[in-house]
Amino acid sequence: MNRRLAAWIGLGLAALALLAGAAWILSLPPAPAPSAPAPIAKGEWDATVAALKPPKRPRPLIAIVGLNDATETTDYLMPYGILRRANVADVTLLATGAGPVKLYPALRVTPHATTAQFDTRFPQGADYVLVPAMRRDDDPAVMQWLRSQAAKGAIVIGICAGAKVVAAAGLLDGKRATTHWYYLTDLREKHPSIRYVPDRRIVVDGRVATTTGVSASMPLALTLIEAIAGRDKARTMAEDIGVAHWDSRHESHAFTFTRPFAMTAIGNKLAFWNRERFGIALEAGVDEVSLALVADAWSRTYRSEVVSFAPTGAPIATRNGVRLLPEEIRARWGGGPLLAAIDDTPPARALDRTLRAIAMRYGSSTAKFVAMQLEYPQTDAAAR
């Protein structure tokens, strides 16, 4: 009798949980209709560019800092690749400790130096410090180093959820800012003095800047190029990487926790029997921007993960000097589908192509789910 009663109670609780879950999903808003945001007024944009002018050197020094155990893939690699491609600044990848940086959700790299080594070589500090999303927002070594660089006059830029790291260092107190849509509530609750600015991909306040989600590091890099080397240079680079515009236009209402987003996440997670492990071959000279975008996107479907491999475990140098560390050796690769080699397609087009491939394999809902995580405007993707 007791066992039967316990079983009925268990079933009742499960049914209540299902009903509560269904009610929660139904309470979420539907997906908003895509629309093109309005361009930024010239006066506002000129002020943004002026605020990001190099603070110290004619040819500025840009440091991108990461945590060794987890730093967001595209946040870390994309601004580096675009800025190095433009050749308007000296750009370096840093980590707080010695050894490789494990990027998430995919890839592994060897940084150029530790923050301590950087400080020894450049005691006057960087011109710009770019802060990607990291596994934790309040790592003590990161906090100390960011405060030190800000005190030396660097412009500190939080990319995506890197804004939470910048805020934890106390550099956003009382300032205007933005961040990835998913983390906005958390940022505002922990740092109530921050003044959130909607409908802008890039927000600058004094010597601190922040951006919206992962894909915003593309227009950010072009904005820095414009601030450093002028509009014509930025336009040339935009054409090179396949970007139509790079001002801070954005429609914040298009990125929120919607019913289709939640249902796709739950459905793809529950399909545990149908996971795929894609291999991507690392080749010398590969464009690190396209590689980051492709690996990042395929790893966000909740149906697949990307694993890099090479003939040996030796580092593979990318187009602009990133040392990639393969996660598997070719001879030990256990099989599975392979992603096409990264070719000369402009990086933004490579992302659009990847989203189309995800839609063909898993459906358009999953492609939209990935684009939402990257905070990538679907109007941009549809236009290419």
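Residues numbered from 1 in each chain as written. Predicted model: local features only at pLDDT ≥ 70, side-chain atom pairs only at ≥ 80, totals over all residues. Heavy atoms only, no water.

Chemist: In this structure, what is going on with the pairing of strand β8 (residues 155-158)? I would like to understand it.
Modeler: The side chains of a regular strand alternate, residue by residue, between the two faces of the sheet. Side chains I155 and I157 project from β8 onto one buried face, and the interleaved V156 and G158 project onto a second face that is buried too. The sheet contact formed by strand β7 (residues 128-131) and β8 spans 4 bridges and is parallel. In the sheet register, Y128 faces β8, and the bridge partner there is I155. As a crossover connection, the stretch from β7 through helix α5 (residues 140-151) into β8 is right-handed. Sheet topology note: the β8/strand β12 (residues 208-211) ladder contains 3 bridges and is parallel. Across the sheet, G158 pairs through a bridge with T210, a residue of β12. (Buried < 20%, exposed > 50% of the residue type's maximum accessible area, 1.4 Å probe, protein only. Helix = DSSP H or I, 4+ residues; strand = E, 2+ residues; numbered from the N terminus. Pairing = 2+ DSSP bridges. Right-handed = clockwise from strand over helix to strand, strands pointing away.)

Chemist: Teacher, can you tell me more about the confidence of the model for the protein here?
Modeler: It should be kept in mind that the predicted coordinates are not to be read in detail where pLDDT is low. A residue-level look at the protein finds 91% of positions with pLDDT of 70 or above and a mean pLDDT of 91. Residue range residues 12-16 is modelled with pLDDT below 50. Its contacts to residues more than four positions away, or to other chains, number 0 contacts. For the stretch residues 380-384, pLDDT sits under 50, and the model shows 12 contacts to residues farther than four places along the chain or on other chains. (pLDDT = per-residue confidence, 0-100. Contact = heavy atoms within 4.5 Å.)

Chemist: Where do I start with the sheet that holds strand β17 (residues 328-329) in this structure?
Modeler: Strand pairing in a sheet relies on backbone hydrogen bonds. The paired strands run either parallel or antiparallel. With parallel pairing, the 3 strands of this open sheet are ordered in space as β13-β14-β17. Either end of the sheet is taken by a strand with one partner, and the two such strands are β13 (276-281) and β17. Relative to strand β14 (residues 304-310), β13 runs parallel, the two being bridged by 6 bridges. In the sheet register, F278 faces β14, and the bridge partner there is V306. In this fold helix α11 (residues 288-298) packs onto β13 and β14, with an angle of close to 140° to the strand it touches most, β14. (Axes fitted to C-alpha atoms, helices over the stretch in contact; angles between N-to-C directions.)

Chemist: How do you make sense of the domain arrangement of the protein when you look at a structure like this?
Modeler: Size of an interface: often given as the accessible area lost when the parts come together. On domain assignment, one finds that the protein holds domain 1 (42-253) and domain 2 (259-382). With centres defined by C-alpha atoms, the gap from domain 1 to domain 2 works out at 23 Å. At the interface, 35 residues of domain 1 touch 33 residues of domain 2. Across the domain 1 to domain 2 interface the summed buried area is about 2,900 Å²; carbon plus sulfur atoms make up 58%. Among the residues domain 1 hides against domain 2, the three largest losses belong to L107, R108 and W181. Together they make up 22% of the total. Along the contact surface separating domain 1 from domain 2 lie 2 salt bridges. With a shortest N-O distance of 2.6 Å, R85 and D287 are connected by a salt bridge. Here domain 1 is connected to domain 2 by 20 residue pairs in polar contact (both at pLDDT 80 or more). (Domains from an automatic or database assignment. Buried area = accessible area lost by both parts, 1.4 Å probe. Salt bridge = Lys/Arg side-chain N within 4 Å of Asp/Glu carboxyl O. Polar contact = N/O pair within 3.5 Å; in protein donor to acceptor, adjacent residues only side chain to side chain.)

Chemist: Would you take a moment to explain the sheet that holds strand β3 (residues 90-95) for this structure?
Modeler: If you walk across this open sheet you meet the 7 strands as β6-β3-β1-β7-β8-β12-β11, and the pairing is mixed. Looking at strand neighbours, the two that pair on one side only are β6 (113-114) and β11 (202-205), the edges of this open sheet. Packing against the sheet, helix α3 (residues 73-86) makes contact with β1 (61-66), β3 and β7, and its axis sits at approximately 160° to β3. Those strands touched by α5 are β1, β3, β7 and β8, and its axis lies near 155° from that of β7.

Chemist: Would you explain the UniProt feature "domain: DJ-1/PfpI" (unreviewed entry) in the protein in this entry?
Modeler: Here, the residues flagged by UniProt with the feature "domain: DJ-1/PfpI" (unreviewed entry) are residues 65-226. Counted over residues 65-226, helix gives 35% and strand 24%. Its end C-alpha atoms are 22 Å apart. (UniProt positions renumbered as here; feature names shortened; annotations may be inferred.)

Chemist: Sorry if this is basic, but what is going on with unusual backbone geometry here?
Modeler: Here the residue pair Y104 and P105 is connected by a cis peptide bond, since its omega of 10° sits within 30 degrees of zero. Inspection of the secondary structure puts P105 in the loop between β4 (101-104) and β5 (108-110). Residue Y302 is not a glycine yet carries a positive backbone phi of 65°. Here Y302 is to be found in the loop between α11 and β14. Its identity is not glycine, yet E375 carries a phi of approximately 50°, on the positive side. Within the secondary structure, E375 sits in the loop between α13 (364-373) and α14 (378-382). Take E375: its relative accessible area is 2%, and that puts it in the buried class.

Chemist: Can you help me understand the pattern of salt bridges in this one?
Modeler: For the coordinates displayed, the defined rule picks out 23 salt bridges. A salt bridge links R57 to D127; the shortest N-O distance between them is 2.4 Å. With R57 in the loop between α2 (42-51) and β1 and D127 in the loop between α4 (115-121) and β7, this residue pair connects regions lying 70 residues apart in the sequence. D127 shares its class with R57; the two are buried.

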